[in-house]
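Chain by chain, the residues:
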Amino acid sequence: METRWDFRVRPDNYTVNLFPFAKTLSKAYRDLIKNKEWKNLAIVYEENEALIRLQELLQDPLMQEKKRKVLVKQLVPGQEYRKLLKEIGRAGVQNIIVDVPTENIISFLRHAKEVDMMSEYYNYFITSLDLHTIDLEEFQYGGTNISGFRLVDDSAREFEDISQVWYSGALGFGHRKTKDKTHLKITARGLTGEIKFDRYGFRSDLNLKLIELTHEGLQDAGDWSVKAGIKITGNTTKAIEEVKASLKNKTLIVTTLLNPPYIALKEGANLRGNSRYEGYCVDLIEEISKVLGFKYKFREVADHTYGKRNEWGEWNGMIRELIEGKADLAVVDLTITYEREDAVDFTMPFMNLGISILFKKPSRKIPKLFSFLSPLSLEVWVYMVTAFLGVSLFLFIVARFSPYEWTNPHPCDPHPDTLENQFTLLNTLWFTGGSLLQQGCEVTPRAVSTRVVSGIWWFFTLIMVSSYTANLAAFLTVQRMSSPIESADDLAKQTSIQYGCLRSGSTQAFFKDSNIPTFKRMWNFMESARPSVFVDSNLKGVERVKKGNYAFLMESTSIEYIVERNCELMQIGGLLDSKGYGIATPSGSPYRTLLSSAILKLQEGGILEILKQKWWKNKEKNCIKEEASLSGSASELGLDNVGGVFVVLSSGLCMACLIVVLEFTWKLRKLPSEEREPLCVEMCREMKFAIMCRGDSKPVRKESLPPSNSLSLIQFSSLGNLNSKETIS
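Residues numbered from 1 in each chain as written. Predicted model: local features only at pLDDT ≥ 70, side-chain atom pairs only at ≥ 80, totals over all residues. Heavy atoms only, no water.

S.K.: Mind showing me how you'd approach the packing of aromatic side chains here?
M.R.: Describing an aromatic ring pair means giving the distance of the ring centres and the angle of the ring planes. Within the structure shown, the criterion is met by 24 aromatic pairs. Relative to Tyr581, the ring of Tyr262 lies with its centre 5.6 Å away and its plane at 90°, an arrangement referred to as edge-to-face. Within this pair, whereas Tyr262 is found in the loop between strand S12 (251–256) and strand S13 (264–265), its partner Tyr581 is found in strand S25 (residues 579–581), the two being separated by 319 residues in sequence. The same class applies to Tyr262 as to Tyr581, namely buried. Ring geometry for Phe510 versus Phe519: centroids 5.4 Å apart, planes at 55°, classification tilted. Among the residues examined, Phe510 registers a relative accessible area of 21% and is labelled partly exposed. A residue is classified by how much of its surface remains accessible, and Phe519, at 8% relative accessible area, is buried. Taken together, Tyr262, Tyr280, Phe350, Tyr561, Tyr581 and Trp616 form an aromatic cluster joined through their ring pairs. Across from the ring centre of Tyr550, 4.4 Å away, lies the NZ or CZ of Arg544, which sits over that ring. Seen from the ring of Trp616, Lys612 lies directly overhead, with NZ or CZ sitting 5.8 Å from the centre. (Phe/Tyr/Trp six-rings, centres within 6.5 Å; stacked < 30°, edge-to-face > 60°. Helix = DSSP H or I, 4+ residues; strand = E, 2+ residues; numbered from the N terminus. Buried < 20%, exposed > 50% of the residue type's maximum accessible area, 1.4 Å probe, protein only. Lys NZ or Arg CZ within 6 Å of the ring centre and 35° of its normal.)

S.K.: Can you walk me through the environment of Leu679 in this structure?
M.R.: Relative to the assigned elements, Leu679 resides in helix H24 (residues 679–692). Each residue touching Leu679, except ones within four places of it in the same chain, is listed here: Phe664, Thr665 and Leu668. (Contact = heavy atoms within 4.5 Å.)

S.K.: Sorry, what's going on with the nonpolar core here?
M.R.: Most often, soluble globular proteins keep nonpolar side chains buried together rather than apart. Counting 87 residues, the largest nonpolar core has Tyr280, Ile288, Leu358 and Ile583 as the members making the most contacts within it. At 7 residues, helix H9 (residues 280–292) tops the list of elements feeding residues into this core. Those residues in contact with Ile288, other than ones at most four positions away along the chain, are Phe294, Ile583, Leu595, Ala598, Ile599 and Leu602. Judged by nonpolar contacts, the second largest core, of 29 residues, contains Ala112, Val115, Ile134 and Leu136. (Core = buried A, V, L, I, M, F, W, Y, C linked by side-chain atoms within 4.5 Å.)

S.K.: Looking at this structure, I do not really get the sheet that holds strand S4 (residues 123–126). What am I missing?
M.R.: Strand order in this open sheet of 8 strands is S2-S1-S3-S4-S5-S9-S10-S11, and the pairing throughout is mixed. On the outer flanks of this sheet lie strand S2 (69–74) and strand S11 (229–232), each paired with one strand and no other. Each adjacent strand pair in this sheet contributes to an overall mean axis angle of 25°, direction not counted. In this sheet, strand S9 (residues 207–214) lies alongside strand S5 (residues 145–150) in antiparallel orientation, the contact comprising 4 bridges. Note on S9: the bridge partner recorded for Arg150 is Lys209. Contacts from helix H5 (residues 82–90) reach strand S1 (40–45), S2 and strand S3 (95–99), with the element oriented near 165° to S2. (Pairing = 2+ DSSP bridges. Axes fitted to C-alpha atoms, helices over the stretch in contact; angles between N-to-C directions.)

S.K.: How should I be thinking about a nonpolar patch on the surface in this particular structure?
M.R.: Nonpolar side chains collect at one region of the surface, where Leu369, Phe370, Leu373 and Val647 lie side by side and expose about 300 Å² of accessible area between them. Relative to the helices and strands, Val647 is located in helix H23 (residues 639–668). (Patch = residues over 30% accessible without salt bridge, like charges linked within 9 Å, V, L, I, M, F, W, Y side chains within 5 Å. Areas by Shrake-Rupley, 256 points an atom, 1.4 Å probe, with all protein chains shown as cover. Salt bridge = Lys/Arg side-chain N within 4 Å of Asp/Glu carboxyl O.)

S.K.: Explain the pairing of strand S19 (residues 355–360) here, please?
M.R.: Note on strand geometry: in a regular strand, side chains alternate between the two faces of the sheet. Buried residues dominate S19, accounting for 5 of its 6 residues. In the sheet, S19 pairs with strand S23 (residues 550–555) via 4 bridges, with the strands oriented antiparallel. Within S23, the residue paired with Leu358 across the bridge is Phe552.

S.K.: Explanation requested: unusual backbone geometry in the structure shown.
M.R.: For residues that are not glycine, phi is negative in most cases, and the peptide bond is trans in most cases. For the bond from Pro260 to Pro261, the omega torsion is 5°, close enough to zero to count as cis. Position of Pro261 relative to the elements: it lies in the loop between S12 and S13. Pro531 follows Arg530 through a cis peptide bond whose omega is 0°. Note that Pro531 resides in the loop between helix H17 (517–528) and helix H18 (538–547). You will see that Asn249, though not glycine, has its phi angle at about 60°, which is positive. Residue position: Asn249 is located in the loop between helix H8 (236–247) and S12. Given the relative accessible area of 60%, Asn249 is considered exposed. A positive phi angle, close to 60°, is found at Asn549, a residue other than glycine. By the element assignment, Asn549 lies in the loop between H18 and S23.

S.K.: I tried to follow the sheet that holds strand S22 (residues 498–501) on my own but got confused; where do I start?
M.R.: The 4 strands are arranged S22-S23-S19-S24 in an open sheet whose pairing can be described as mixed. Each end of this open sheet is capped by a strand with a single partner; those strands are S22 and strand S24 (569–572). Going from strand to strand, the sheet's axes swing by 30° on average, the running direction of each strand aside. Bridge count between S22 and S23: 4 bridges; the pairing is parallel. Bridge pairing links Gly500 to Phe552 in S23. Taken strand by strand, helix H16 (residues 506–513) contacts S19, S22 and S23, and its axis lies near 100° from that of S23. Its contacts with the sheet place helix H19 (residues 556–565) against S19, S23 and S24, and it is angled at close to 120° to S23.

Below is the structure:
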């Protein structure tokens, strides 16, 4: 009968081994690691037989698919463990399986403590089944998660009976056992629980107790059996309370980078420590520390980057500092992504947002010279002119057709030889034109038919003029801006305006990994652009936008802050995605749950919204209100708004001057040549008479008769102030 580790697959026919079967024990190790969801781990062993105990773990499909990274290190017996532990630490591995002789476990843990690998972020699983026999008091207050399996069941009745026998000094004790002759199977109960053997004499069916080191020493945390697998039974509430107690007065290192309003340097001299910084995240950590009772120390990340994994799987920025254990928290506008979640842990989001576009506001559109024509489209203007001419012609025909529009030119003669109609073609155009411009006219319709036509035309002009007047106010007082882009699709379809994002950030990763055609096309453009459209910080991106012809893709919350303080910038389109900012912690950090609870408490209390209003709103200047007042309220009109009206007025006056000169010339040429002077003299004389305003009457000048006409008296109003008498020709 054997009680030791035996890695043979088939023993001889005369051997029965009480030690757990190697393959069964290996399955227990594998199930525990899968339950803990360790994504990377290191195996430290001394004896080659250890690999047999861990064969189920090494053959796990996740290992074969490289979804779980394993670092295997063998210790040379007799040598110290510090050098090997430093190699593991530099590799960024914080989950370690230790398979060393029981008597060397204390030395191993002490060496780990000396190389600063016994913090709350490290997990050690000891394969020895005798871990409960070791005094681990010097390690139980450091927060390190040390666990292992125990074969002895101290809660069983047999354990108490045997303990009493040992204390009483008796040499033997009795126990129950049964034997099945058919299968050579023996069952008994002892210190290690129920003892069963298979047909080969191996103890392949057994129960193991999972134990973990707490502030109160080694405590039961679960059970494992061949049939049920691993079952965690630890007191979660008690564990959280222990972690919360360990946080009291503990100083956490917070890695960050400068990016207002999240983190910024405070103005002032002789500032040290946390007093150098201010911003949303500074206040956030302060509020969380009040809830949980810890202290903190801000430290800027060395390479001033958020964190991105390169093609070799190595991280930079704040993520790297968390992986290497140089920081406890990473707080800034750090986006929660799948890739980062694979390397570190995140709390629940303290702010939700999405990617949007920052662009420079286009210059205000200068009103056109004839902007007063803008209230109506060109098509409507064409229809109005057509209606004006059509109605004028129609009224002319109706007036000539209706007998009631023909009147006696000499009322004193009851039987005139001729009748006349006031709706000549020119008078009709004058009548419809005056109605269109809401003015009166001396020509009025007499017949019912012409009055119906006139009434319908008046109604039409009433609606059109009212609509024009209402829309004219908006066009003359509101200055509109024309932007070359309105959305991400507009950016993707053009190449004249460059666009980019932050280098080594989540926005860059979003476009790089996106399968949406528009975003893929945008990524190809950004990647191939020369010079590079990527920037090293958000501030540099904003400065590039201010220079013009560049759009910056960044988080919407940052855009809100920038637009609030730079009135020449604006946000284009909506959100391209949905994500959140969270506080990052090292993988497996015991503080993540407490931090998430604190964030939820601050959110329910409205503290997070108060902090955002405090750091986002610009007390000195509000661009949104200024823009609303400028575009929504009436403002005085400038010459640019009504300049076209003055042009029309000037053109009309010039046309009137030209016509009056033509009229003067035409009338003057009808006078006898011997009675008129040169054109310039007559024109100057008539201009002098008009300017001097000497009276409203003047003598009549006679026109010369055409040769073919008989003599007749023609009286007409003279064009000049001539002192000649009336003559009859």
